[in-house]
Each structure stands twice: as structure tokens, then as C-alpha cells.
Amino acid sequence: MRKICVVMGGVMPVPAVCGGAIETLVTSIVKKYSSKDGFQLTVCSVYHPEAVKVAKQYPDVRFFWTHTRNIKYMFMHAIFLGIRMTTGKCIRPLQRHYNEIAKLFQKEKFDLIIAEGGDTQAIADVAKGYRREQFANHIHIHYLPPENIVENYGHVIGVSEFVTEEYLKVCKIPVKAHVLKNAVDVERFSQNVSEEQKRSIRKKLGLSEKDFVILYVGRIMEIKGVLELMQAVTGLEDNHIKLLIMGSANSGKWSFSNYERKVKKFAKRNKERIIFTGYVDNSEVYKYAAVADIQCLPTLVAEAAPLVVLEAMAEGLPLIVTKSGGVIEYIDKSTTLIIEQENVIENLKRAIIYMKEHPEVRRQMSENARMQSKKYDEVIYYKNFVEMVFDIMEKDSGEENRCNYDK
């Protein structure tokens with residue numbers, strides 16, 4: 001039986017008990033995997049007691065836990081950082097997470113190793129005896145690989161055509177390209193919320209029935225355009241237009257950045273128009289989405305393909321999105337109002353007013369969004385993943401190739 005190893009970045013665990021977009025995607029694979037699918041799946045993840053507990057629900061998956069918070073490994077990693085800082089050398093046996101995985105690589109001899117973020121060079125360095133064609137770099141962000149990564153990874157898996165094309169532009173030697181579109185748990189995000197629950201949530205948030213609610217879900221970072229969205233909302237004269245912001249700087253409860261402080265300060269000055277919830281667990285987002293009229297993603301850079309777009313579609317929320325990178329590959333005019341990034345504040349104002357004044361357009365967009373979201377369900381994602389990994393393992397010739405598994 002073929003052996004596949006998925007290596008996580010060493011920060012948050014799989015199953016995704018602490019959140020994280022990449023961790024959530026890999027968890028969707030874990031949930032659907034069966035040993036009858038013709039390959040053995042191993043996931044290398046940082047240890048977390050809750051993750052270990054949840055992992056027992058998936059006995060067919062082999063989990064390899066690394067102990068990055070162990071005092072011994074933390075001390076070794078401190079030495080690793082000191083040597084790298086002073087000499088520029090990377091002594092991998094001292095680098096936490098990857099030093100434990102090195103032993104697994106030599107013991108098991110996997111047919112395919114998939115890097116899911118983190119230090120991708122470290123993975124290649126500790127996997128002694130593996131060929132370039134046995135490594136796949138799964139990229140979830142707009143990323144231009146350095147020469148050493150291109151030399152070590154024979155395959156790239158992109159979440160959109162955009163990021164895949166950008167990656168290939170800097171590759172001086174052939175790399176096999178694969179596009180695996182993202183997915184979400186459509187059933188979870190499309191759960192029904194009763195009118196009584198909606199009234200309760202609105203009351204909790206201080207929203208009236210007359211309020212037109214714009215939802216923002218995601219990290220509170222400058223590139224996401226959160227402050228610009230806030231300025232657009234507060235710049236409108238209609239006081240019934242409210243902004244509900246859910247998120248933190250790094251998709252976690254304890255994250256807090258300088259930019260987030262600025263955002264919260266602005267929200268505090270405009271508390272009649274802006275509701276800032278902070279971090280909300282992913283399993284609870286759909287409840288808040290149920291009281292929103294639209295969702296907005298005003299990103300200011302070329303993004304790969306954020307999951308929040310698919311989540312909003314599953315929730316039946318019409319979207320306002322800036323024209324950005326791979327995002328537009330997942331949406332169209334039947335579900336989304338697409339605006340330009342230039343003069344974004346004024347563009348947002350016009351888009352918000354249009355959405356508010358055209359309820360029938362919103363209703364139709366909502367229906368279309370729910371229908372289109374079904375194309376990006378976890379079941380389809382896993383099917384495409386399986387097709388892709390077998391394509392990589394069985395047709396591996398080292399020649400440049402392009403495969404899109406968006407079916």
C-alpha cells in the first residue's frame with residue numbers, strides 16, 4: 001500500500017481543535033479518509049491533548065505527534081536559533097518539530113510527503129534519501145519560492161490558479177503543478193438558525209430589527225482592509241448600517257497586535273456603528289452570520305483563496321469582495337459584488353448602499369451562493385485530493401505538467 005505523509009507547520013494541531021485555515025483543510029481530509037482508499041495516511045502534527053482526544057475518532061489515520069513545548073526540545077531549539085542567528089547554519093537535529101519527524105521519515109519511507117506550511121526547507125533537509133519527485137509543496141498563500149525550495153520540491157499544489165501561476169513564474173527548473181481548490185464543511189455553515197435564536201443574538205449584540213448588518217470574518221490585519229471597511233461604514237449617513245467584526249490578529253483567542261489595537265480603538269469611538277466580538281470559534285460563526293445581511297472581504301493585496309468566502313456562500317450571505325488574486329476564481333456576479341481595490345473606501349460605500357437598497361438582489365444572491373457552495377464541500381475536496389495524490393505517485397515522470405482537480 002502506498003504511504004503518504006502530511007507534515008503540518010508545527011504551530012497548531014490537527015485535528016484543528018485550535019482553529020487555523022490549513023489545519024481545518026487537513027482535518028477535512030482526516031475526517032473522510034478510509035484505509036480502503038488504497039493508501040496509508042500519516043499526519044505529523046504538534047501534540048495537543050484535545051487534538052489527541054479527537055484523533056481517536058479517526059482510527060484509520062496514523063498521527064505522529066511532536067512535542068514542541070517539551071523543555072528538552074525547547075532548549076535544543078533555542079540553541080538551533082542561536083547558531084542560525086550567529087553563523088547562518090541550520091542544524092536540523094536541534095530544530096523542534098522537524099527533528100522528531102526526521103526519525104519517522106527514515107523508518108517509514110513514504111511514497112509522497114506533502115508540506116502544509118511551516119519550514120518547508122527543513123522537511124527536505126531531514127528527509128534523507130528521498131527524491132525531489134516525492135515532495136509536494138501545498139501553498140495556501142501568495143508565495144514566490146526561493147531557488148532551494150524549487151530544487152527540493154518536484155510538485156506544487158496551489159489553492160487557486162493564481163497562486164500556482166505565480167509560483168511557477170520563478171521556477172527555473174520543471175515543477176509539476178496541481179490545483180486543488182479549497183473546501184469547507186458546507187453542512188456546518190448552512191445549519192438553520194431559528195428566528196428566536198436570531199432575535200436572541202441580535203439582542204446580545206445590541207442590534208435592532210431595522211439594522212442592516214455587514215459581517216467581517218477573519219484576521220485583523222492591515223492587508224485585510226478592516227480599517228478601510230470601518231471607515232466606509234462610519235462614513236455613511238445611515239445609522240442603521242452596522243458592522244459586525246469577528247476575528248483576531250492570528251485566528252486565535254490570545255492574539256493581539258498593534259493593528260488590532262488600532263482597530264479596536266476605532267471601534268470603541270464608533271461603538272454605535274461597529275460591534276467588535278474578537279475571536280469566535282469556527283463552530284459558532286454560522287450563528288452570527290444568520291443575523292447579517294451581507295458579508296464583506298475588503299482585502300488590499302492579492303490573496304490566494306480565503307476560506308471565509310466559501311463559508312459565507314454556504315451560509316447564504318451575499319458578498320462584497322475586492323478584486324484580488326485567487327478569490328475571484330471561487331465567485332461570480334451571481335453571488336458577489338466585486339469592487340476594485342483602488343479607492344476602496346468609496347467603492348465600499350457605493351457597494352454597501354447598493355446592497356441595502358436592493359433586497360431582491362440580495363435574496364437571489366443568497367440562493368445562488370448556497371447552490372454554488374455545494375461545489376466546495378469536504379466530500380468533493382477529499383475526492384479531488386485522492387485523485388491528485390494518486391496522479392502524483394503513479395504518473396511521476398519529473399516533466400512539467402499542469403493538473404486542475406476542480407471538478
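Above this text you will find the structure in question.
Structural notes, computed from the coordinates.

Each value, and the rule that gives it
- Residues numbered from 1 in each chain as written.
- Predicted model: local features only at pLDDT ≥ 70, side-chain atom pairs only at ≥ 80, totals over all residues.
- Heavy atoms only, no water.
- Helix = DSSP H or I, 4+ residues; strand = E, 2+ residues; numbered from the N terminus.
- Expected span 1.5 Å × (residues − 1).
- Buried < 20%, exposed > 50% of the residue type's maximum accessible area, 1.4 Å probe, protein only.
- Arc of directions from axis to C-beta.
- Axes fitted to C-alpha atoms, helices over the stretch in contact; angles between N-to-C directions.
- Parallel < 35°, antiparallel > 145°, perpendicular 65-115°, else oblique.
- Contact = heavy atoms within 4.5 Å.
- Nonpolar A, V, L, I, M, F, W, Y, C, P; charged D, E, K, R; others polar.
- Phe/Tyr/Trp six-rings, centres within 6.5 Å; stacked < 30°, edge-to-face > 60°.
- Lys NZ or Arg CZ within 6 Å of the ring centre and 35° of its normal.
- Core = buried A, V, L, I, M, F, W, Y, C linked by side-chain atoms within 4.5 Å.

Because the α-helix completes a turn every 3.6 residues, residues three or four places apart line up on one side. Taking 1.5 Å of rise per residue, 12 residues should cover 16 Å, and helix H11 (residues 258–269) covers 17 Å from first to last C-alpha, within 8% of that figure. Among the residues of H11, Tyr-259, Glu-260, Val-263, Phe-266 and Ala-267 are the ones counted as buried. Around the axis of H11, the buried residues are gathered within 120° of arc, so they sit on the same side. More than 90 degrees from the buried face of H11, the exposed residues found are Asn-258, Lys-265, Lys-268 and Arg-269.

With that out of the way, let us pick up the packing of helix H1 (residues 21–32) against helix H16 (residues 378–394). The geometry of H1 relative to H16 is characterised by a closest axis approach of 9 Å and an angle of 85° between their N-to-C directions. In terms of orientation, H1 and H16 fall into the roughly perpendicular class. Here Leu-25, Ser-28, Ile-29, Lys-31 and Lys-32 of H1 come into contact with H16, specifically with Glu-378, Val-379, Tyr-381, Tyr-382 and Phe-385. Here the residues of the contact of H1 with H16 sort into 6 nonpolar, 1 polar and 3 charged.

Overall, the coordinates contain 10 aromatic pairs when judged by the stated rule. The interplanar angle of 75° and the centroid separation of 5.9 Å between the aromatic rings of Phe-39 and Phe-390 together place this pair among those described as edge-to-face. Linking Phe-39 in strand E2 (residues 39–46) with Phe-390 in helix H16, this pair joins segments that are 351 residues apart in sequence. Of the residues examined, Phe-39 reaches a relative accessible area of 0% and is grouped as buried. Note on Phe-63 and Trp-65: the rings are 5.3 Å apart at their centroids and 5° apart in plane angle, and the pair reads as stacked. Each member of the pair, Phe-63 together with Trp-65, is buried. Note that Lys-181 overlies the ring of Tyr-330, its terminal NZ or CZ placed 5.1 Å from the centroid.

Here we take up the nonpolar core. Core analysis: the largest hydrophobic core is formed by 102 residues, its most contacted members being Phe-105, Ile-113 and Phe-385. Looking at this core, the element that brings in the most residues is H16, giving 9 residues. When residues no more than four places from it in sequence are discounted, the contact partners of Phe-105 are Cys-5, Val-7, Phe-110, Ile-113, Ile-123, Val-126, Ala-127 and Tyr-130. Counting 30 residues, the second-largest nonpolar core is a separate cluster that includes Ile-241, Tyr-259, Phe-266 and Ile-320.

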